[in-house]
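Residue-level structure breakdown
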Amino acid sequence: MFCRYIVRVPHLYRGLATHANSVVAVPATLHLKTGQSFHGKSFGAPKSIYGETVFSTSITSYTESMTDPSYRGQILVFTTPMIGNYGVPSNTAPFDSQDVGVIPESQNIQAAAVVVGDVAEKFSHYTAVESIAAWCKRNNVPGITGVDTRAITRLLRDQGTTLGRLAVGADAALPAPGSSEYWDPSKENLVDQVSTLTPYTLNPRGSIKIAVLDFGAKANILRSLVRRDAAVTVFPWNYDFNAVRDEYDGLFLTNGPGDPGHCMEAALKLRRTLDEWNKPIFGICMGHQIIGMAAGLDAYRMTFGNRGHNQPVLALASAGSIKAGRVYVTSQNHQYALKLQDPFPQGWEPFFINCNDSSIEGIKSTTDSGKKVWGVQFHPESAGGPLDTIEMFTDFVSECQAHKAQFGYTTTTTTKVKDALDIPKVAPRVAVAGAA
Ligand SMILES: NC(=O)CC[C@H](N)C(=O)O
């Protein structure tokens, strides 16, 4: 009777099967460059890796976090004690040019490694096809479980994001590496590793045309534009949008991993766009930092950044669906931020600040500047996070539509972009960097 039941409920059956197949524990050790070591058990790929150790306070959506290209090169510590109980869904959605072809945020796991208090061997969800351990193994990403993630988080909060090494198997018993051996992902241009190589278009028959500069786009950002009937053309991060800008109704700059200082080239190109082009521009996270740098603000590295789905931000100005004086709960993943300066560059004003640490959470062009430009440090598209600010996408698309209705196109240039159907991916192109 019970057997018949589990055969009819495949996700339950899979969970039980995973549990039954549990293997003998392989040791793993997380070393921090600052000298602390944490011993636990390995799950996922049996390999050792270097990375930057960060913590996230998200309670749900480990699949979305782990596939977020902005986590590239990072050893991701979950503060939520139990991770994996709802398993992992299949990652391919039907690719029909109306959607981006993946269910999580990109095709593969982007984090270098994951650190969990208690990884769930049993999982249950109607969309689950495998356990987090099996998924990590298939993606060649190591994990450690059975460590005190609260102690690790308190250390990272006090000393800041710290370089680390996850040592697995025989490596776990070796002494910690010397401090010069740690690999520092922030020294690399990680954006260049995750951005698309060639332009492609989604929803080519959409009612307005939006160009996207891809610094490591999360799938749900592109989906949020397509679902509002935009034709979306995605360009490599360092593409000179000025060469094709007359063909578009709006420009969008995505999230992306690492130090925005590596993308100064994009900020300089954008400065020209801001000087010479008056259509709406919207940027998220890395995109917001690029807009800020183009406007003349500096970016700095925060102590431990903001990562999680419970970051409160206060709106300082009203625009579209956003009302000054309201607090919105947001999803975030960043280590860098724009510096608050007084006065702000002419034509710009702060849009949001973080209620916990007063860091800048958004900037916008002033009403009298004649421009419609916004950047937000948080993620309004929030797959896996709160939907408080999702209507910012509607605001942006509506502004593009209004601009098109008023001014139409002034096409003076042409470009050939590949149709989306030829490029079924929003994908990273190389294996996770920093593998030992
Ligand atoms: N999610 C992002 O776009 C992150 C932006 C930038 N890489 C940072 O860490 O601050």
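Residues numbered from 1 in each chain as written. Predicted model: local features only at pLDDT ≥ 70, side-chain atom pairs only at ≥ 80, totals over all residues.

Looking at an unreviewed UniProt entry, one finds the protein chain named Carbamoyl phosphate synthase arginine-specific small chain and attributed to Hebeloma cylindrosporum. In its Sequence similarities (unreviewed entry) section, the UniProt entry covering the protein chain states "Belongs to the CarA family." (UniProt positions renumbered as here; feature names shortened; annotations may be inferred.)

On to the site of the ligand. Neighbouring residues of the ligand: Ser70, Asn255, Gly256, Pro257, Gly258, Pro260, Cys285, Met286, Asn333, His334, Gln335 and Tyr336. For the shell around the ligand, the element with the highest residue contribution is strand 18 (residues 327-338), accounting for four residues. Its residues placed into classes, the shell around the ligand shows five nonpolar, seven polar and no charged. (Near = placed C-beta within 6 Å. Helix = DSSP H or I, 4+ residues; strand = E, 2+ residues; numbered from the N terminus. Nonpolar A, V, L, I, M, F, W, Y, C, P; charged D, E, K, R; others polar.)

Next up on the list: helix 5 (residues 149-159). Within helix 5, burial applies to Thr149, Ile152, Thr153 and Leu156. The buried residues of helix 5 occupy an angular sector of 95° when projected down its axis, which confines them to one face. Exposed and oriented more than 90 degrees from the buried face of helix 5 are Ala151 and Asp158. Tucked inside the fold, the buried residues of helix 5 contact strand 2 (37-44), strand 3 (49-56), strand 4 (74-78), strand 7 (113-116), strand 11 (162-168) and strand 17 (299-315). The positive-phi residue at the C-terminal boundary of helix 5 is glycine 160, with phi of around 90°. (Buried ≥ 20, exposed ≤ 12 C-beta atoms within 10 Å, placed from the backbone. Arc of directions from axis to C-beta. Contact = placed C-beta atoms within 7 Å.)

One finds Ile210, Val212, Leu222, Val232 and Ile290 to be the most contacted residues of the largest nonpolar core, which totals 68 residues. The biggest single contributor to this core is helix 9 (residues 286-295), with six residues. In terms of domain composition, this core takes at least three residues from each of domain 1 (2-187) and domain 2 (191-421). For isoleucine 290, the residues in contact, after removing those within four places along its chain, are Leu253, Pro260, Cys263, Ala266, Ala267, Leu270 and Gly283. (Core = buried A, V, L, I, M, F, W, Y, C linked by C-beta atoms within 7 Å. Domains from an automatic or database assignment.)

This part is about the sheet that holds strand 10 (residues 142-145). Pairing is mixed in the closed barrel, where seven strands are placed in the order 1-2-10-7-4-3-11. Along the sheet, successive strands turn relative to each other by an average axial angle of 35°, direction set aside. The pairing of strand 1 (residues 27-32) with strand 11 spans five bridges and is classified as antiparallel. Its bridge partner lying in strand 11, alanine 28 is registered against valine 168. Lying on the sheet, helix 5 is in contact with strand 2, strand 3, strand 4, strand 7 and strand 11; it crosses strand 4 at an angle near 120°. (Pairing = 2+ DSSP bridges. Axes fitted to C-alpha atoms, helices over the stretch in contact; angles between N-to-C directions.)

This part covers unusual backbone geometry. In this model, aspartate 342 is joined to proline 343 through a cis peptide bond whose omega is 0°. Residue asparagine 203 is not a glycine yet carries a positive backbone phi of 50°. When you line up the elements, asparagine 203 lands in the loop between strand 12 (200-202) and strand 13 (208-214). Looking at asparagine 203, the number of C-beta atoms within 10 Å reads 24, which means it is buried. For serine 358, which is not glycine, the phi dihedral falls at a positive 60°. As for its position among the elements, serine 358 is in the loop between strand 19 (348-354) and strand 20 (360-365).

Many descriptions give the size of an interface as the accessible area lost when the pieces come together. Parsing the protein chain into structural domains produces domain 1 (2-187) and domain 2 (191-421). Taken together, the contact between domain 1 and domain 2 spans 27 residues of the former and 32 residues of the latter. Listing elements by their share of the side of domain 1 that touches domain 2, those giving two or more residues are strand 3 and helix 5. Counting residues per element, the side of domain 1 that touches domain 2 draws most heavily on strand 3, at three residues. Residue composition of the side of domain 1 that touches domain 2, by class: eight nonpolar, 13 polar and six charged.

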